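Residue-level structure breakdown
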Amino acid sequence: KHVVSEFQKRGVVFIEDFDEIRDTSRPVILSAHGTEQRVLTDGAKRNLKLIDATCPLVKRVHRQIQKLENAGAHIIVIGKESHPEIIGTIGQIEHHGQITVISSEQDAEALSLPTDKPIGVVTQTTLSVDKAQRIIAILQQKFPDLITADKNDICYATTHRQAAVREVSKHCEALIVIGSKNSSNSKQLQQTALHNGIEKSWLIDDVSELAADALTGIENLGISAGASAPEHLVNNLIAKLKEDFANLKIHDIIVAEENIEFKS
């Protein structure tokens with residue numbers, strides 16, 4: 001929410017469809033979530049200056065699904081069917097009849113597929129790591145020859161944050177996640193806290209959304225943030241806590257150092 005707002009103040013226009021473009025001389029940046037192949041083709045036909053900002057980790061999933069299509073496999077996609085990333089991922093291949101989208105262990109248990117051709121699986125990059133592993137384990141029991149990725153599809157930023165929340169949850173009674181309500185990875189952080197015994201877990205866009213009496217009686221509070229949340233939002237929250245609690249002590253819990261670089 002805050003990142004989008006800042007871009008809008010700088011003149012960036014957010015669109016859902018190329019038909020909304022009024023000035024075709026302006027460059028068009030494609031979402032980090034990934035874009036369907038037909039959208040790229042349409043943009044080229046319109047002679048638009050396209051800048052593909054798809055996350056390299058999402059690109060890796062796109063290559064996997066194309067490889068599975070070329071192998072003639074039936075493809076299981078784990079994720080939320082309406083999520084932009086899943087729409088973009090499915091849109092990488094021509095024959096959508098080869099794809100089944102599932103989002104839960106129950107879906108995996110109920111899944112029935114013919115075994116006369118290979119079966120492969122890819123996942124949305126912002127899922128709960130634990131949940132994705134549970135679903136894949138069920139699929140591997142049902143389909144012993146299931147083709148999986150060489151590496152975990154879940155984004156490293158998502159993986160590290162979920163691991164940090166699991167660790168933080170051992171030391172606190174409540175946890176605040178800064179992130180937007182429509183952010184998959186932010187919602188997964190909140191769910192991770194709840195699944196690890198934290199009964200009070202809030203997902204807020206910024207400190208203004210935290211109720212004045214929300215922290216009454218809480219001795220130890222955990223704080224995390226979604227992968228796209230600007231750091232100043234976390235700093236603003238901590239500054240407010242320092243105002244409200246004179247004896248506030250802050251401890252950093254580090255589970256990983258992020259030093260990944262993507263080749264241009």
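Position numbers for residues start from 1 in each chain and track the written sequence from start to end. pLDDT decides what is reported in this predicted model: residues at 70 or higher carry local features, side-chain atom pairs at 80 or more are listed and counted, and totals for whole chains, interfaces and linings draw on all residues regardless. Excluded from the side-chain calculations are hydrogens and water; all other atoms, namely the structure's heavy atoms, are used.

What follows covers the nonpolar core. In globular proteins that are soluble, nonpolar side chains generally tend to be buried together. Residue types Ala, Val, Leu, Ile, Met, Phe, Trp, Tyr and Cys, when buried and joined through side-chain atoms within 4.5 Å, form a set referred to as a nonpolar core. The cut-offs for exposure are 20% and 50% of the maximum accessible area for each residue type, with area from a 1.4 Å probe on protein chains only; residues under the lower value are buried, those over the upper are exposed, and the others partly exposed. Ranked by internal contacts, the top residues of the largest apolar core, which has 17 residues, are Ile-76, Ile-78, Ile-102, Leu-139, Phe-143 and Leu-146. Residue assignment for this core shows that the elements contributing at least two residues are β3 (74-78), β5 (119-123) and α6 (129-142). A total of five residues in this core trace back to one element, the largest contributor, which is α6. Not counting chain neighbours up to four residues away, the residues in contact with Ile-78 comprise Ile-86, Ile-102, Val-121, Val-122, Thr-123, Gln-124, Leu-127, Ile-135, Ile-136 and Leu-139. Counting 13 residues, the second largest nonpolar core, distinct from the first, contains Ile-176, Ile-204, Leu-237 and Leu-241. Each helix is a run of H or I in the DSSP string that is no shorter than four residues. Each strand is a run of E no shorter than two, and both are numbered from the N terminus. In what follows, a contact means two residues having at least one pair of non-hydrogen atoms within 4.5 Å.

Here the focus is unusual backbone geometry. In this model, Asn-47 sits at a positive phi of 60°, which is unusual for a non-glycine residue. With respect to the helices and strands, Asn-47 occurs in the loop between α2 (37-45) and β2 (50-52).

It is worth spelling out the sheet that holds strand β8 (residues 221-225) at this point. Each strand in a sheet pairs with its neighbour through backbone hydrogen bonds, running either in the same direction (parallel) or in the opposite one (antiparallel). Strands are labelled as partners when DSSP assigns at least two bridges between them. Spatially, the three strands line up as an open sheet ordered β7-β6-β8, and their pairing is parallel. Edge positions in the open sheet fall to β7 (200-204) and β8, since each of these has one partner strand only. Looking at each pair of strands side by side, their axes are set apart by 15° on average, direction ignored. Relative to β7, strand β6 (residues 174-178) runs parallel, the two sharing five bridges. Along β7, the bridge assignment pairs Val-177 with Leu-203. Its contacts with the sheet put helix α8 (residues 184-195) on β6, β7 and β8, and the angle it makes with β7 is roughly 175°. Lines are fitted to the C-alpha atoms to define the axes, a helix being fitted only along its stretch in contact, and any angle between axes, read from their N-to-C directions, falls within 0 to 180 degrees. Strands in contact with helix α9 (residues 231-244) are β6 and β8; relative to β8, the strand with the most contacts, it is inclined by about 160°.

Okay, the pattern of salt bridges next. Pairing between side chains of opposite charge can happen when the charged atoms of each approach one another. Any carboxyl oxygen of Asp or Glu within 4 Å of a side-chain nitrogen of Lys or Arg constitutes a salt bridge here. Applying the stated criterion to the full structure yields eleven salt bridges. For Lys-181, the salt bridge is made with Asp-205, and the minimal N-O distance between the two is 3.8 Å. Pair noted here: Lys-181 is in the loop between β6 and α8 and Asp-205 is in the loop between β7 and β8, with a separation of 24 residues, a long-range link. Looking at Lys-181, the relative accessible area reads 42%, which means it is partly exposed. Taking relative accessible area as the criterion, Asp-205 reaches 8% and is therefore assigned buried. Salt bridges sharing partners connect three or more residues here, namely Asp-19, Asp-42 and Arg-46.

Multiply 1.5 Å by the residue count of a helix minus one, and that product is the helix's expected span. Its 14 residues give α9 an end-to-end C-alpha distance of 20 Å, which sits within 8% of 20 Å, the value for a rise of 1.5 Å per residue. Within the sequence span of α9, burial applies to Leu-233, Val-234, Leu-237 and Leu-241. Buried residues in α9, looked at end-on, bunch into an arc of 100°, giving them a common side. In α9, the exposed positions angled more than 90 degrees off the buried face are occupied by Glu-231, Lys-242 and Glu-243. The arc in question is the one spanned by the directions pointing from the helix axis to the C-beta atoms.

What follows covers the side chain of Thr-35. Tracing the backbone shows Thr-35 in the loop between β1 (28-30) and α2. You can call Thr-35 buried: its relative accessible area is 11%. When neighbours within four sequence positions are excluded, Thr-35 is seen to be in contact with Leu-30, Thr-54, His-62, Gly-88 and Gln-92.

This part is about α8. For α8, which comprises twelve residues, the first-to-last C-alpha distance of 16 Å matches the rise-based estimate of 16 Å (1.5 Å per residue) to within 8%. Summarising the contacts, the buried residues of α8 are in contact with α7 (156-168), β6, β7 and β8. Phi for Gly-197, located one or two positions after α8, is positive at around 90°.

Below, the discussion takes up the layout of surface pockets. Method remark: on a 1 Å grid restricted to protein atoms, a set of points is classed as a cavity if a 1.4 Å probe fits but cannot get out and as a pocket if it is open with protein on both sides within 12 Å along at least five of seven lines; lining residues have an atom within 4 Å of a point. Grid points are joined across faces, edges and corners, and a volume is the space filled by probe spheres set on the points. Of the voids in this model, the second largest pocket is the one considered here, and its volume is about 1,400 Å³. Lining the second largest pocket we find 37 residues, and of these Ile-223, Ser-224, His-251, Asp-252 and Ile-253 sit closest to its centre. Those elements giving two or more residues to the lining of the second largest pocket turn out to be α7, β8 and α9. When grouped by side-chain class, the residues that make up the lining of the second largest pocket number 22 nonpolar, nine polar and six charged. Three residue categories are used. Nonpolar comprises Ala, Val, Leu, Ile, Met, Phe, Trp, Tyr, Cys and Pro, charged comprises Asp, Glu, Lys and Arg, and polar comprises the others, including Gly.

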